[in-house]
2 protein chains.
Amino acid sequence: MSRPTLHFWFEFASTYSYLSAMRVEKMAEDAGVDLEWHPFWLGPIFHAQGWTSSPFNLYPVKGAYMWRDMARLCADRGLPLVQPDPFPQNGVLAARVALLALAQDAAKGAAYVTSVYRAEFGEGRQISDPELIAELLAQSGLPADLIEQAGGDAAKQALKDKVAEAMDLGLFGAPSFIAKGEVFWGDDRLENAIAHLKAV
Amino acid sequence: MSRPTLHFWFEFASTYSYLSAMRVEKMAEDAGVDLEWHPFWLGPIFHAQGWTSSPFNLYPVKGAYMWRDMARLCADRGLPLVQPDPFPQNGVLAARVALLALAQDAAKGAAYVTSVYRAEFGEGRQISDPELIAELLAQSGLPADLIEQAGGDAAKQALKDKVAEAMDLGLFGAPSFIAKGEVFWGDDRLENAIAHLKAV
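Residues numbered from 1 in each chain as written. Chains lettered and ligands numbered in written order. Predicted model: local features only at pLDDT ≥ 70, side-chain atom pairs only at ≥ 80, totals over all residues. Heavy atoms only, no water.

1. Concerning the overall build of chain A
And step 1. Of regular secondary structure, chain A possesses 11 helices and 4 strands.
And step 2. For 200 residues, the compact-globule formula gives about 16 Å, and the C-alpha radius of gyration of chain A, at 16 Å, lands near that figure.
And step 3. The buried share of chain A, reckoned over its 200 residues, is 51%.
And step 4. Here the contacts in chain A between residues at least 6 apart in sequence split such that 72% fall between residues at least 24 apart.
And step 5. In the structure as shown, chain A presents an accessible area of about 8700 Å², 54% of it carried by carbon and sulfur atoms. (Helix = DSSP H or I, 4+ residues; strand = E, 2+ residues; numbered from the N terminus. Rg over C-alpha atoms; globule rule 2.2 N^0.38 Å. Buried < 20%, exposed > 50% of the residue type's maximum accessible area, 1.4 Å probe, protein only. Contact = heavy atoms within 4.5 Å. Areas by Shrake-Rupley, 256 points an atom, 1.4 Å probe, with all protein chains shown as cover.)

2. Focus: the pattern of salt bridges
And step 1. The tally for this structure, following the rule as stated, stands at 27 salt bridges over all chains.
And step 2. Among the salt bridges present, the one from R23(A) reaches D187(A), with a minimum N-O distance of 3.1 Å. Highlighted residues: R23(A) in the loop between α1 (15-21) and α2 (24-31) and D187(A) in the loop between β4 (182-185) and α11 (190-198), separated in sequence by 164 residues.
And step 3. Looking at D187(A), the relative accessible area reads 4%, which means it is buried.
And step 4. Between D69(A) and R189(B) there is a salt bridge, and its shortest N-O distance comes to 2.9 Å. Within this pair, whereas D69(A) is found in helix α5 (residues 60-77), its partner R189(B) is found in the loop between β4 (182-185) and α11 (190-198), the two belonging to separate chains.
And step 5. With a relative accessible area of 2%, D69(A) lands in the buried category.
And step 6. Note on R189(B): relative accessible area 7%, which makes it buried.
And step 7. Connected through shared salt-bridge partners, R68(A), D69(A), R72(A), E182(A), D188(A), R189(A), R68(B), D69(B), R72(B), E182(B), D188(B) and R189(B) make up one network. (Salt bridge = Lys/Arg side-chain N within 4 Å of Asp/Glu carboxyl O.)

3. Details of the packing of aromatic side chains
And step 1. Across all of its chains, the model carries 34 aromatic pairs over all chains by this definition.
And step 2. Their ring planes at 65° and their centres at 5.0 Å tell us that F46(B) and W51(B) sit as a pair that is edge-to-face. Of the two residues examined, F46(B) and W51(B), each falls in the buried class.
And step 3. Pairwise contacts between aromatic rings join F8(A), F10(A), F12(A), W37(A), Y117(A) and F177(A) into one cluster.
And step 4. For the cation-ring pair, R72(B) lies above F184(A), with the distance from its terminal atom to the ring centre recorded as 3.8 Å. (Phe/Tyr/Trp six-rings, centres within 6.5 Å; stacked < 30°, edge-to-face > 60°. Lys NZ or Arg CZ within 6 Å of the ring centre and 35° of its normal.)

Pasting the structure below:
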């Protein structure tokens, strides 16, 4: 019998995606399920809802709560947290590169993805900076020329296709998980998504 | 040493507040913490954010997800779920009565609150209907004249004061929990709020 697959949809600008990216591999492994990484981009999805920035900036009281909630959760999980400036970071380059990296080598691609989150939210670095991306690719054993490829039409279209796929799936935020066709939204639904995959 | 207190802030129109209302008493009891019930009203808070309805209506993709998420969670917890029509229900009368009921008798007031949620989301009944509220008050051993009192200036002001208090506390959604001055938002943070109260 084939192992069920957990689909992990993430946006690099998303704080709660950081939480999931840092634990999803171990959780999938412990549960005996396969894991697929799906970088996407919330910008066009938020824009279609009339949002011009992160909802955490548009609704500052909610934003203040989110940072406090993140601080508590990161402390509980032993994760560093540095608020990047600006927030949200522009994660488009990182996402285009992630699609290429994951297609080339799933394990190295996953290592690159987690390294982007660690740099962004653990160290407060600028993930829109190609020099940072080159450094992270090198650390993950991936070629720096993915950055140049990410500027090409095919890579741009690949990310647009991913956004269209996300909208077709009914995704509206990140992280989101898909388990046997069911959408689970938020780091706090990761356990539910895995339980759904394991249920007979 | 006095027992710590969990403050449970809820809005009658809120689906996820239903989930918490149905489990918060047992969880507080099991954890050995006191519980205070705080009915409030999100209308003016949402309005201040530019929202004219529930965000689940304003953002239909998110709304469709919420109902699916609620259906799964209610099934897991053995709770009935009927989508009330219209959604959101107008919970202002129910909330004004709840403030009076809780002030008169905390235990009966709590029984009334959970009965409102059960009628609304377990049976799809109209909680803006004074006849339903009278029925629920009677079931909880509370006098029906609380409904008339709820139409008075003092009761109206009491709910406005509660909304102002919520805004001062930085609340922006429901359910919210306050534990040792820390805000926790959402039914999925109830365990975290209790853990925070119990931490030394």
